[in-house]
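Chain and residue survey
For reference, the chains in residue letters:
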Amino acid sequence: MDRVVTSPNAAAEAVADITDGSCLAVGGFGFCGIPEALIAALVDTGVRDLETVSNNCGG
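To keep things clear, this report deals only with the structure shown in the data block.

Conventions adopted
Residues numbered from 1 in each chain as written. Predicted model: local features only at pLDDT ≥ 70, side-chain atom pairs only at ≥ 80, totals over all residues. Heavy atoms only, no water. Helix = DSSP H or I, 4+ residues; strand = E, 2+ residues; numbered from the N terminus. Buried < 20%, exposed > 50% of the residue type's maximum accessible area, 1.4 Å probe, protein only.

1. Brief notes about unusual backbone geometry
Glycine aside, negative phi is the norm for most residues, and most peptide bonds take the trans geometry. In this structure, Asp49 is a non-glycine residue whose phi angle is positive, near 60°. By the secondary structure assignment, Asp49 is in the loop between α2 (36-45) and β2 (51-54). When its relative accessible area of 66% is taken as the criterion, Asp49 is described as exposed.

2. Focus: the environment of Asn9
Tracing the sequence through the fold places Asn9 in the segment before α1 (10-15). Owing to a relative accessible area of 57%, Asn9 belongs among the exposed residues under this scheme.

Here it is as structure tokens:
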């Protein structure tokens, strides 16, 4: 999937289609490069039961 969002509410728009039970791959290394705005917008949606896959060995 290739998607670019540029609106003022870009983070909220980018996560709007994520539903309960979705599986998400999240990148980053420690606290560098993690998608903070997207995670916050996702929390605001109230979705639940997410499965998260990460290659983050730091933290």
